[in-house]
Amino acid sequence: MTLRLLSYNVRFGGTGREGPLAAVIRAAQPDVVVLQEATDPVVVARLSESAGMPHWGARPGYSTGFLSRLPVAHHEWHRAPAARHPFLEVTLADHRCRVFGLHLSAWFSNWSERRRAREIRALMDAIRHEDRGFHVVAGDFNAMAPGERLHVGRMPAWIRAMVWLSGNDIARETIQVMLDEKYTDGWRHLHPEGEGHTFPTWDPHVRLDYIFAPTRWASRLSSCEVFMAPAEAKGASDHYPLLMELADE
């Protein structure tokens, strides 16, 4: 069975942009959408109806939420001790793959990168605590992968100042934690070359959004693309969504 998974940061709850957001989701034709900054359940309910995805979950003030075309057996939020945002776990009724959605702390500095690394370690500890089987971890990591170029000159002045205070570069600890935990970066695995920038939509120059799978199941990842269509995508959010297709069994 094939599963199409979309990870999408809808920016500031998505209020007032439900139409463009739903247009992007419909065009991507996902089975499941993992949302970030989905802090308003009313907006998520509207997206559910407009995008034709009858199963959904969101909580007031919680960043992570989901939409699903497929029946959901169970979903719950977990609050890791070190994490700013609770992470989301979604179990589909008829698929073996379990989906974890997250949104790590923002800001570009070495201090915030250390915080993100603590958050992702807490999530990894929670996943290790039980045998979760085949699963993916998707969301806005707000972090750069090792070896990827930081385009400081294209960033707003206030971010350039923070980068300068961090020594003119940002540590890459968060994504390195995932790699050390034997997870495969889906986009990079399928695109050894290329940039895959997801942010910001008006001048994409940094990759902040990721979908990871345990390396032992990397062969199940068949495609992973930054979804830039339709035209509404540019104004729907400040992030382009990431679309992955994977074999569930």
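Above this note sits the structure.
Below is a summary of the structure that appears in this document. (Residues numbered from 1 in each chain as written. Predicted model: local features only at pLDDT ≥ 70, side-chain atom pairs only at ≥ 80, totals over all residues. Heavy atoms only, no water.)

1. Comments concerning the sheet that holds strand β1 (residues 2-9)
Each strand in a sheet pairs with another by means of backbone hydrogen bonds, the pair being arranged parallel or else antiparallel. What counts, and what does not: Note on pairing: DSSP must find at least two bridges between two strands before they are called paired. For the purposes of this entry, the term helix denotes a DSSP run of H or I that reaches at least four residues, the term strand denotes a run of E that reaches at least two, and both are numbered from the N terminus. In this analysis, axes come from line fits to C-alpha atoms, helices being fitted only over the stretch in contact, and the angle between any two N-to-C directions falls in the range 0 to 180 degrees. Only heavy atoms matter for contacts: two residues are in contact if any of them lie within 4.5 Å across the pair.
Strand order in the open sheet formed by six strands is β3-β4-β2-β1-β12-β11, and the pairing between neighbours is mixed. Among the strands making up the open sheet, the edge pair consists of β3 (55-57) and β11 (221-226). Taking each pair of neighbouring strands and ignoring which way they run, the sheet shows an average axis angle of 15°. Bridging between β1 and strand β2 (residues 32-36) involves five bridges; their strand directions are parallel. Following the sheet pairing, Ser7 is matched in β2 by Val34. Packed on one face of the sheet, helix α1 (residues 18-28) meets β1, β2, β4 (65-68) and β12 (242-247) and runs near 160° to β1. Strand contacts of helix α2 (residues 41-51): β2, β3 and β4, with the helix running at about 165° to β3, the strand carrying the most contacts.

2. Brief notes about the packing of aromatic side chains
Between two aromatic rings, the relevant description is the distance of the centres plus the angle of the planes. Counted only if it meets this: Side-chain rings of Phe, Tyr and Trp (the six-membered ring for Trp) are treated as a pair once their centres are within 6.5 Å; stacked means planes under 30 degrees apart, edge-to-face means over 60, and tilted covers the remaining angles. Any residue under 20% of the maximum accessible area for its type is buried, any over 50% is exposed, and the rest in between are partly exposed; the area is computed with a 1.4 Å probe on protein chains only. Each ring is checked for a lysine NZ or an arginine CZ that lies within 6 Å of its centre and within 35 degrees of its normal; such an atom marks a charge sitting over the ring.
Counted according to the given criterion, the structure contains six aromatic pairs. A ring pair is formed by Tyr62 and Trp77, whose centres lie 5.9 Å apart and whose planes are at 90°; its orientation type is edge-to-face. Note that Tyr62 is positioned in the loop between β3 and β4 and Trp77 in strand β5 (residues 72-78), a separation of 15 residues in sequence. Consider the rings of Phe134 and Trp217, whose centres lie 5.4 Å apart with planes at 70°: the pair is edge-to-face. Note that Phe134 is positioned in the loop between α3 (110-129) and β8 (135-140) and Trp217 in the loop between β10 (209-214) and β11, a separation of 83 residues in sequence. The residues Phe134 and Trp217 share a single accessibility class, namely buried. A cation over a ring is seen here: Arg216 above Trp217, with NZ or CZ 4.1 Å from the ring centre. Stacked on the ring of Phe134, the Lys or Arg Arg220 has its end atom at 4.5 Å from the ring centre.

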